[in-house]
Amino acid sequence: MIFKKNISSLHVPHNKNTADSVPVFVSAPKEVVLPMNMQSGHDAEPVVAVGDHVYVGQLVAREEGRASSPIHASVSGTVTKIAPVKLAGGKEALAIHIENDGKMEKDPEMKAPTVTNLDEFLDAVRASGVVGLGGAAFPVWAKLEAVRRNEIETILVNGAECEPYITSDHRMMMDRSDLVVKGVKLMQEHMKVPKIVIAIENNKQDAIDKLTELFKDDPSVEIYPLETVYPQGAKQVLLYNVTGKVVKGGQRMAALGVLIINVSSVAKLADYIENGMPLVDRIVTVDGSAVKEPRNFIVPIGTPISHLLKEVELKSEPGKVLIGGPMLGHAITDLDSPVIKATNAILAFEEKDSVTAEPTACIRCGRCMDNCPVGLNIAGIGRAMAKKDEDERAEALTKLGLKQCIECACCSYVCPAHRPVLERNLEAKSFLRKYNAAKKEEGRK
Amino acid sequence: MSQLHVSAAPHIHSGNTTEKVMRDVVIAMLPAVVASVILFGIRAAAVIAACVIGAVVSELMFCKVVGKKSTVSDFSAAVTGLLLGLNLSTNVPLWQCVVGAAFAIVIAKCLFGGLGNNIVNPAIAARVFMLVSFSQVAGGSACVLTDGTTSATPLEILAPGAEEAPGLMDLFLGIHGGAVGETCVLALLIGFVYLLIRKVIRWHVPVIFVGTVFVLYLVTTGDVYYALQQILAGGLFLGAIFMATDYVTEPMNQRGRMVFALGCGLITFAIRQFCAYPEGVSFAILIMNLLTPLIEEWTDKEPLGGI
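Chains are numbered independently. Their residues run from 1 in the order of the written sequence. Chains carry letters and ligands carry numbers; both start at the beginning, A for chains and 1 for ligands, and go up in the order they are written. Local features in a predicted model are, by the rule used here, given only for residues with pLDDT of at least 70; side-chain atom pairs are given and counted only at 80 or more, and totals for whole chains, interfaces and linings are based on all residues.

Draft legend 1. Inspection of the overall build of chain B at higher detail. Each helix corresponds to a stretch of at least 4 residues labelled H or I by DSSP, and each strand to a stretch of at least 2 residues labelled E; elements are numbered beginning at the N terminus. Counting secondary structure elements, chain B contains 13 helices and zero strands. The helix and strand sequence of chain B, counted from the amino end, reads α-α-α-α-α-α-α-α-α-α-α-α-α. Once the C-alpha set of chain B is aligned to its principal axes, its extents read approximately 80 × 50 × 30 Å. For the exposure call, what matters is how many other C-beta atoms sit within 10 Å of a residue's own: 20 or more marks it buried, 12 or fewer exposed, and in between partly exposed, using C-beta atoms placed from the backbone. Split into buried and exposed, the 307 residues of chain B put 53% on the buried side. If you take every contact in chain B between residues at least 6 apart in sequence, the share linking residues at least 24 apart comes to 73%. Contacts here follow a simple rule: the backbone-placed C-beta atoms of the two residues must lie within 7 Å.

Written out as structure tokens, the structure reads:
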């Protein structure tokens with residue numbers, strides 16, 4: 001291709017301070033808290049009772065309802081409480097509290113599943129409890145299952161990790177490349193997908209080199225170096241930049257013959273199929289300006305964030321603590337919130353880096369639109385939101401293709417007037433969702 | 001643990017601010033200011049200073065009167081004042097400069113709601129206002145570097161049947177009559193490069209604007225030399241680099257900006273060629289400013305993935 005289009009173009013500071021930090025096991029937390037809504041689908045259903053003893057890897061909550069995923073004990077010990085907890089973002093969910101006996105005893109009945117065909121493979125993926133570990137938390141089985149109904153030509157393994165600071169996927173590729181290779185081989189073998197592309201941003205040259213070497217004898221696996229620009233790892237952006245394909249409104253990506261799966265998720269499902277260990281821990285990057293020595297940790301799911309912050313020395317009382325990266329992460333107020341399956345980083349910032357500047361008047365510079373990877377008419381969204389009439393507002397927003405907003409936050413990042421552009425887009429999306437739901441309800445009556 | 005801050009994503013920012021953008025525009029105009037003093041003497045500095053002071057003081061007073069928080073620290077009033085000053089000649093009495101600057105800030109900007117809400121570029125609006133109100137505004141200043149005392153602008157000279165116009169090098173360096181900041185193309189280009197390096201503007205609008213005028217003269221006359229004279233003379237570079245690229249009054253989308261620049265070029269050519277008035281840059285930008293909302297609508301495209 002002469003004109004290689006690249007729809008993401010924003011350069012954000014990488015701050016990959018932990019790129020060389022080999023993850024080590026975090027010290028044993030006293031208690032872990034496992035919320036039932038760690039996956040994007042329906043909440044899981046507890047299968048243990050207060051007082052039960054559990055082993056590491058033992059099923060504590062089964063998959064329930066649509067796009068759900070089972071949850072396993074991440075430490076050995078005793079179930080002390082099954083009660084709702086408040087999570088980052090204000091949501092509440094039922095959670096299983098396990099008191100850690102410190103022994104980390106594995107489930108004696110644990111054994112690797114027998115996988116000889118696609119059905120058994122998908123069942124194993126389902127039982128592994130693996131969800132999208134890059135932050136989306138969509139159950140991996142529900143995604144891979146699309147292979148039954150679609151002609152999948154390519155599986156895109158997402159190792160972009162475009163968010164600043166986070167090196168969780170990077171370390172997985174470096175330190176558990178054996179699992180990445182196994183995961184890829186398993187998908188090839190059972191899903192019969194002709195091509196697998198592992199896409200990695202070129203600020204992780206060591207990972208690109210390592211995987212290129214490991215797959216040098218397999219022509220069906222391509223290691224694809226991506227330009228390091230934000231939001232390279234967003235699925236629509238990645239799909240376009242690697243394959244040139246575009247998901248049209250309402251379409252599923254699988255219909256285009258492509259599936260995108262996070263690289264750590266691939267490694268974790270290999271871990272289950274090879275060793276029988278379901279998803280009970282993950283790599284978490286602990287960084288931010290308030291952290292003296294940023295590091296990567298292997299953290300049992302459910303470990304309180306406060307416990308992780310105690311593991312690294314803090315320069316000062318943090319002014320802001322984030323779950324996830326600085327572009328998309330959530331600021332939390334309760335440091336006892338647990339690390340969940342999708343938590344790839346905990347970032348603590350000093351007070352001076354925690355204050356948001358006051359917005360000033362929009363000078364119509366157009367940077368929000370110039371930097372929007374999907375090319376949204378962001379000014380138009382602003383004008384539409386100013387419409388008093390709800391029907392007119394909804395119509396205008398629909399016509400602008402608002403639903404294509406991938407919520408990458410580039411618009412707010414570049415705004416010289418410090419306007420909360422993303423927030424307004426989110427507000428518009430939420431309005432449109434409610435409006436359409438109400439219309440649907442009306443139509444039914 | 002003390003109170004933790006909570007805010008919506010993103011939690012980092014490019015660090016860019018309106019002040020930084022406006023300050024860069026001011027810096028980009030400084031070569032033209034220096035050139036104006038070299039070419040037209042200390043009187044040019046007085047004209048520019050009167051405009052800047054007039055603009056900043058007007059904004060301060062307006063904010064005071066209506067009880068708004070002062071916005072002069074964002075440098076936008078200074079930009080407007082500078083731009084107006086560069087667009088005037090040394091013949092303009094200083095009190096008129098102040099009146100013009102006040103018109104730009106109060107009438108063309110603040111009454112529309114302040115920075116970001118004005119429909120036309122305040123400096124251009126003020127220049128046109130002065131053009132129709134004060135007789136001294138139309139003529140050019142006499143260049144102190146030439147021995148002649150004529151203040152006729154090259155565009156007046158380039159009009160059919162007139163005397164011989166300055167050569168290309170004199171035009172490029174600005175050694176001829178005109179508004180104080182418009183003649184030295186070299187200084188304006190230095191500012192342009194600075195704006196590009198600082199990523200304040202993109203190259204498209206100035207290049208398309210000037211390019212359109214050049215191509216139209218080339219096509220209609222077949223004379224490269226004449227076409228070059230036409231783009232180097234008058235306020236084309238000043239307008240294309242500093243006025244057509246005004247964020248507030250140009251379209252916000254890149255496609256729209258290109259259409260806008262094309263329109264500016266067409267109208268400039270049409271006015272210079274077919275109207276009694278020798279210069280058309282200000283009017284062209286003014287007219288295209290008014291069309292900006294329409295252009296934005298016409299050039300709006302579907303986002304990736306459709307609607």
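Draft legend 2. Broad picture of the overall build of chain A. A count of helical and extended segments in chain A gives 13 helices and 17 strands. Along the three orthogonal principal directions, the C-alpha set of chain A runs to about 65 × 55 × 50 Å. Looking at chain A as a whole, 53% of its 445 residues are labelled buried. Pairs at least 24 residues apart make up 73% of the contacts formed inside chain A by residues separated by at least 6 positions.

Draft legend 3. The arrangement of the environment of Ile-340 of chain A in detail. Residue and element names in this part refer to chain A. Looking at the element boundaries, Ile-340 is found in the loop between β16 (330–332) and β17 (345–349). Residues Ile-340 and Ser-220, 120 residues apart in the sequence, show an inter-C-alpha distance of 34 Å. Not counting residues within four places of it along the chain, the set of residues in contact with Ile-340 comprises Pro-35, Met-38 and Ile-301.

Draft legend 4. Structural detail: the environment of Ala-331 of chain A. Relative to the elements of secondary structure, Ala-331 of chain A occurs in strand β16. Here Ala-331 of chain A falls in the buried class, since 22 other C-beta atoms lie within 10 Å of it. Beyond its immediate stretch of four places on either side in the chain, Ala-331 of chain A contacts Lys-320, Val-321 and Leu-322 of chain A together with His-5, Val-6, Ser-7 and His-11 of chain B.

Draft legend 5. Highlighting the nonpolar core. Nonpolar core, as used here: buried Ala, Val, Leu, Ile, Met, Phe, Trp, Tyr and Cys residues forming one set through C-beta atoms within 7 Å. Grouped together as the largest cluster of nonpolar side chains are 235 residues, with contacts concentrated most on Leu-156, Val-157, Leu-308, Ile-346 and Cys-411 of chain A together with Ala-104 of chain B. With 10 residues, helix α1 (residues 18–40) of chain B is the largest single contributor of residues to this core. Contacts of Val-157 of chain A, omitting those with residues within four sequence positions, involve Val-184, Ile-196, Val-197, Ile-198, Ala-199, Ile-261, Val-263 and Val-266 of chain A.

Draft legend 6. Main features of the pairing of strand β15 (residues 320–323) of chain A. All names here are of chain A. Residues of β15 alternate between two faces, with Lys-320 and Leu-322 on one and Val-321 and Ile-323 on the opposite face, all of them buried. A pair of strands is considered paired only if DSSP assigns at least 2 bridges between the two. Direction of pairing for β15 relative to β17: antiparallel, over a ladder of four bridges. Its bridge partner lying in β17, Leu-322 is registered against Leu-347.

Draft legend 7. Region of interest: the environment of Trp-141 of chain A. All names here are of chain A. Counting through the fold element by element, Trp-141 comes out in helix α2 (residues 140–144). What makes Trp-141 buried here is the crowd of 24 C-beta atoms within 10 Å. Taking the C-alpha atoms as reference, Trp-141 lies 26 Å from His-97; in sequence the two are 44 residues apart. Sequence-distant contacts of Trp-141, that is, excluding residues within four places in its chain, are made with Leu-122, Val-125 and Arg-126.

Draft legend 8. Representation of helix α2 (residues 42–66) of chain B. Residue and element names in this part refer to chain B. A helix's residues, less one, multiplied by 1.5 Å, set its expected span. Here α2 spans 36 Å end to end across 25 residues, near enough to the 36 Å set by a 1.5 Å rise per residue. Of all the residues in α2, the buried ones are Ala-44, Val-47, Ile-48, Ala-50, Cys-51, Val-52, Gly-54, Ala-55, Ser-58, Glu-59 and Phe-62. Those residues of α2 hidden inside the fold are in contact with α1, α3 (76–86) and α4 (94–109). Downstream of α2 by one or two residues, Gly-67 has phi in the positive range, about 75°.

Draft legend 9. The pairing of strand β7 (residues 77–86) of chain A, seen in detail. Residues and elements named next belong to chain A. Taken together, the two bridges between strand β4 (residues 53–54) and β7 define a ladder with antiparallel strand orientation. If you follow His-53 over to β7, its bridge partner there is Thr-78. Sheet topology places β7 next to strand β8 (residues 92–100); nine bridges connect them, and they run antiparallel. Bridge pairing in β8 links Lys-86 to Glu-92.

Draft legend 10. Representation of the interface of chain B and chain A. Contact with chain B, which involves 35 residues of that partner, is made by 53 residues of chain A. Element by element, the count of residues in the side of chain B that touches chain A is highest for α1 of chain B, at three residues. A class-by-class count of the residues in the side of chain B that touches chain A yields 15 nonpolar, 15 polar and five charged. Residues were grouped as follows: Ala, Val, Leu, Ile, Met, Phe, Trp, Tyr, Cys and Pro as nonpolar; Asp, Glu, Lys and Arg as charged; and all remaining residues, including Gly, as polar.

Draft legend 11. Local environment of the packing of α2 of chain B against α4 of chain B. Residue and element names in this part refer to chain B. Orientation is described by axes fitted as lines to C-alpha atoms, over the contacting stretch for helices, and by angles from 0 to 180 degrees between their N-to-C directions. Two elements in contact, α2 and α4, have axes whose closest approach is 8 Å; the angle formed by their N-to-C orientations is 40°. The angle between α2 and α4 falls in the class oblique. Crossing of α2 over α4 shows right-handed handedness. Facing α2, whose interface residues are Ala-46, Val-47, Ala-50, Cys-51, Gly-54, Ala-55, Ser-58, Glu-59 and Phe-62, α4 presents Leu-94, Cys-97, Val-98, Gly-100, Ala-101, Ala-102, Ala-104, Ile-105 and Val-106. Oblique is the label for any angle not covered by the other classes, which are roughly parallel (under 35 degrees), roughly antiparallel (over 145) and roughly perpendicular (65 to 115). The sense of a crossing depends on the near helix, which, turned anticlockwise from the far helix by less than a right angle, makes the crossing left-handed and, turned clockwise, makes it right-handed.

Draft legend 12. Just helix α12 (residues 254–274) of chain B, in detail. For α12 of chain B, which comprises 21 residues, the first-to-last C-alpha distance of 30 Å matches the rise-based estimate of 30 Å (1.5 Å per residue) to within 8%. Every buried residue of α12 of chain B is accounted for by Gly-256, Arg-257, Val-259, Phe-260, Ala-261, Gly-263, Cys-264, Gly-265, Ile-267, Thr-268, Phe-269 and Arg-272 of chain B.

Draft legend 13. Structural view of the packing of α1 of chain B against helix α8 (residues 185–197) of chain B. Residue and element names in this part refer to chain B. Direction vectors running N to C along α1 and α8 enclose 165°, while the axes themselves pass 8 Å from each other. Taken together, α1 and α8 sit at an angle that is classed as roughly antiparallel. In this structure, α1 crosses over α8, and the sense of that crossing is right-handed. Along the contact surface, α1 presents Asp-24, Ile-27, Ala-28, Met-29, Pro-31, Ala-32, Val-34 and Ala-35, while α8 presents Ala-187, Leu-188, Ile-190, Gly-191, Tyr-194 and Leu-195.

Draft legend 14. Fine view of the domain arrangement of chain A. As far as domains go, chain A holds domain 1 (24–110 + 278–352), domain 2 (118–275) and domain 3 (367–444). The start and end points of each domain follow an automatic or database-based domain assignment. Centre-to-centre, using C-alpha coordinates, domain 1 of chain A lies 33 Å away from domain 3 of chain A.

Draft legend 15. Broad picture of the sheet that holds β8 of chain A. Residue and element names in this part refer to chain A. Taking strand neighbours across the sheet as the criterion, the four strands line up as β2-β8-β7-β4 in an open arrangement whose pairing is antiparallel. The sheet terminates laterally at β2 (31–35) and β4, the two strands that pair on one side only. Strand direction decides the pairing type here: β2 and β8, joined by five bridges, are antiparallel. When the sheet's bridge partners are listed, Leu-34 is paired in β8 with Ile-96.

Draft legend 16. Layout of unusual backbone geometry. In this chain, Tyr-230 of chain A is followed by Pro-231 of chain A through a cis amide linkage whose omega measures -5°. Checked against the element boundaries, Pro-231 of chain A lands in the loop between β11 (221–226) and α6 (235–243). For the peptide bond that leads from Ala-9 of chain B to Pro-10 of chain B, omega is -5°, which places it in the cis range. Along the chain, the position of Pro-10 of chain B falls in the segment before α1. You will see that Ala-137 of chain A, though not glycine, has its phi angle at about 60°, which is positive. Assignment of secondary structure puts Ala-137 of chain A in the loop between α1 (118–127) and α2.

Draft legend 17. The sheet that holds strand β10 (residues 195–201) of chain A, seen in detail. Residue and element names in this part refer to chain A. The four strands are arranged β11-β10-β9-β12 in an open sheet whose pairing can be described as parallel. For this open sheet the edge positions go to β11 and β12 (258–262), each flanked by a neighbour on one side alone. Strand after strand, the sheet turns through a mean of 25° between neighbouring axes, direction not considered. As judged from the six bridges shared by β10 and β11, these two strands associate in the parallel manner. Residue pairing across strands places Ile-200 opposite Pro-225, the latter belonging to β11. On the sheet, helix α4 (residues 177–191) packs against β9 (154–159), β10 and β11 and is oriented at approximately 150° with respect to β10.

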